[in-house]
Amino acid sequence: MSPRVFSGMQPTADSLHLGNYLGALVQWVALQETHDTIYAVVDLHALNEHPEPEALRRRTRATAAQFLAAGVDPARSLLFVQSHVPQHAELAWVLGGFTGFGEASRMTQFKDKSAKQGERGTNVALFTYPVLMAADILLYDAEAVPVGEDQRQHLELTRDLAQRVNASYGDIFTVPEPHIIKATAKIYDLQDPSSKMSKSGGPGGIIEILDEPKVISKRIRSAVTDAETEVRFDERLKPGLANLLTIYSALSGRSISDIEDDFAGKGYGDFKGALADVVVEFLAPIREAALGWIESPDKLDSVLADGAEKARMIAQGTLERVYDALGVVRPAH
Ligand code: ATP
Ligand code: LTN
């Protein structure tokens, strides 16, 4: 059997953005060639924000639709919705018993979000979020987890938990490795190139997969750059432009230095115009395919149900291994 991969994304927006796509989804698709791949829409993770029920339903399907449209192939990958496999929540409970309070308190994503939301807006699910993420990964014995740079610390915690359980109870879990591709591990906000492109950022700073072409062009043309005119990759001095060059290179498959050569002697206006064309052309078929899936919810739900059925089998096997090792008595039948 090929080595296993697991990854997930939350259904927290109607559309994924270029950061989600380039940071993770491109790798999800590529890894299908070499790995046994399992991907989930992690809806339980999204519940701590109390989304509108209708929005959560719509976004859960739209997120799966975009995975499929981007090239996740249900004939080669298991694709499912996290809550359809109840073992995720069960294993998360068990792992919670192995997670230090201080350890969880040190997660930067928790620190950032709880600082923003204040004590009253911070719930326990936000705190235990990385433990559920560890359960997602460990249930499938994943060896590699394709994610963006912002998830590195959560993966470190996952590894620590796996090693801790293994040290006490024998060889229970596979210890996963992060699969993070340096060039595209962190795509930045177009309006604020010091923060990552994020669903929770300002609308002007993100490019969504489902955006209309004219919106995409406008966002790229108004992206923040610098006072110079030379198209040159310099992350420190020209972070806005460097981010645009990263996107250009990733979507066109051309090297940064080739692109710099093309625009030698030309200004940022020409460069942004060409980049807008590259992005629009690249995303158009993905958008169309995603809309097709969104318009066929029965077909989509059936793909997700198939995935969940197979995922449950694997997840139950792992959970039984864990319960047996810990001394939890299993039902006789
Ligand atoms: P966002 O910040 O966009 O709301 P999120 O943190 O809620 O994202 P998910 O939707 O659960 O994340 O998963 C997103 C995936 O995309 C993760 O693998 C994450 O590392 C990756 N990702 C998110 N933003 C970026 C970015 N700006 N650059 C690269 N990868 C990213
Ligand atoms: N926490 C991740 C989403 C996520 C995930 C996972 C990623 C939940 N479970 C398991 C990889 C593997 C995020 O990007 N916010």
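Residues numbered from 1 in each chain as written. Chains lettered and ligands numbered in written order. Predicted model: local features only at pLDDT ≥ 70, side-chain atom pairs only at ≥ 80, totals over all residues. Heavy atoms only, no water.

**Concerning the confidence of the model for the chain**
So, point 1. On average, residues of the chain score 97 in pLDDT, and 100% of them are at 70 or above.
So, point 2. Confidence scores differ between elements of the chain, with helix α6 (residues 108–121) showing the lowest mean pLDDT of 93 and strand β2 (residues 36–41) the highest of 99. (pLDDT = per-residue confidence, 0-100. Helix = DSSP H or I, 4+ residues; strand = E, 2+ residues; numbered from the N terminus.)

**Looking at the site of ligand 1**
So, point 1. Around ligand 1, 19 residues are found, and the nearest of them are His-17, Asp-150, Ile-187, Lys-196 and Lys-199.
So, point 2. Within the backbone of Ile-187, one N or O atom sits 2.7 Å away from a nitrogen atom of ligand 1.
So, point 3. Taking Ser-198, its side chain carries an N or O atom lying 2.9 Å from an oxygen atom of ligand 1.
So, point 4. Across the complex, the protein chains shield 94% of the 590 Å² of accessible surface that ligand 1 would expose by itself. (Near = heavy atom within 4 Å. Polar contact = N/O pair within 3.5 Å; in protein donor to acceptor, adjacent residues only side chain to side chain. Areas by Shrake-Rupley, 256 points an atom, 1.4 Å probe, with all protein chains shown as cover.)

**Some thoughts on the side chain of Ser-77**
So, point 1. Locating Ser-77 in the fold gives a position in strand β3 (residues 77–81).
So, point 2. Here the side chain of Ser-77 touches Thr-37 through a polar contact of 2.7 Å, side chain to side chain.

**Quick word on the site of ligand 2**
So, point 1. Every one of the 13 residues lining ligand 2 counts as a neighbour, but Gly-8, Tyr-129, Met-133, Asp-136 and Gln-151 are closest to it.
So, point 2. Between Tyr-129 and ligand 2, the recorded distance is 2.7 Å, taken from a side-chain N or O atom to a nitrogen atom.
So, point 3. Within the side chain of Asp-136, an N or O atom sits 2.6 Å from a nitrogen atom of ligand 2.
So, point 4. Put simply, the parts of the chain that give the shell around ligand 2 at least two residues each are β1 (4–9) and α7 (124–138).
So, point 5. With four residues, the top contributor of residues to the shell around ligand 2 is α7.
So, point 6. Grouping the amino acids of the shell around ligand 2 by side-chain chemistry returns seven nonpolar, five polar and one charged. (Nonpolar A, V, L, I, M, F, W, Y, C, P; charged D, E, K, R; others polar.)

**Description of the pattern of salt bridges**
So, point 1. Per the counting criterion, the structure on display carries 20 salt bridges.
So, point 2. For Arg-4, the salt bridge goes to Asp-36, with nearest N and O atoms at 2.8 Å. Pair noted here: Arg-4 is in strand β1 and Asp-36 is in strand β2, with a separation of 32 residues, a long-range link.
So, point 3. Arg-232 is paired through a salt bridge with Glu-228; the nearest N and O atoms lie 3.5 Å apart.
So, point 4. Residue classification places Glu-228 among the partly exposed residues on the basis of a relative accessible area of 39%.
So, point 5. Taken together, the shared-partner salt bridges in this structure form one network comprising Asp-226, Glu-228, Glu-230, Arg-232, Asp-234 and Lys-238. (Salt bridge = Lys/Arg side-chain N within 4 Å of Asp/Glu carboxyl O. Buried < 20%, exposed > 50% of the residue type's maximum accessible area, 1.4 Å probe, protein only.)

**Notes on helix α4 (residues 87–96)**
So, point 1. Within α4 the residues assigned to the buried category are Gln-87, His-88, Leu-91, Ala-92, Val-94 and Leu-95. Angularly, the buried residues of α4 cover 160 degrees about the axis, an arc narrow enough to put them on a single face.
So, point 2. Its buried side turned inward, α4 meets β1, β3, α7, α8 (152–169) and α13 (297–326). (Arc of directions from axis to C-beta. Contact = heavy atoms within 4.5 Å.)

**Re the packing of aromatic side chains**
So, point 1. Tallied over the full model, the rule gives eleven aromatic pairs.
So, point 2. Relative to Phe-263, the ring of Tyr-248 lies with its centre 6.1 Å away and its plane at 70 degrees, an arrangement referred to as edge-to-face. Here the residue Tyr-248 occupies a position in helix α10 (residues 239–252), and Phe-263 occupies one in the loop between α11 (256–262) and α12 (268–294), the gap between them amounting to 15 residues. Take Tyr-248 and Phe-263: they sit in the same class, and that class is buried.
So, point 3. Overall, Phe-263 belongs to the buried group, its relative accessible area being 7%.
So, point 4. Above the face of the Trp-293 ring, Lys-299 is positioned so that its terminal group lies 4.7 Å from the ring centre. (Phe/Tyr/Trp six-rings, centres within 6.5 Å; stacked < 30°, edge-to-face > 60°. Lys NZ or Arg CZ within 6 Å of the ring centre and 35° of its normal.)

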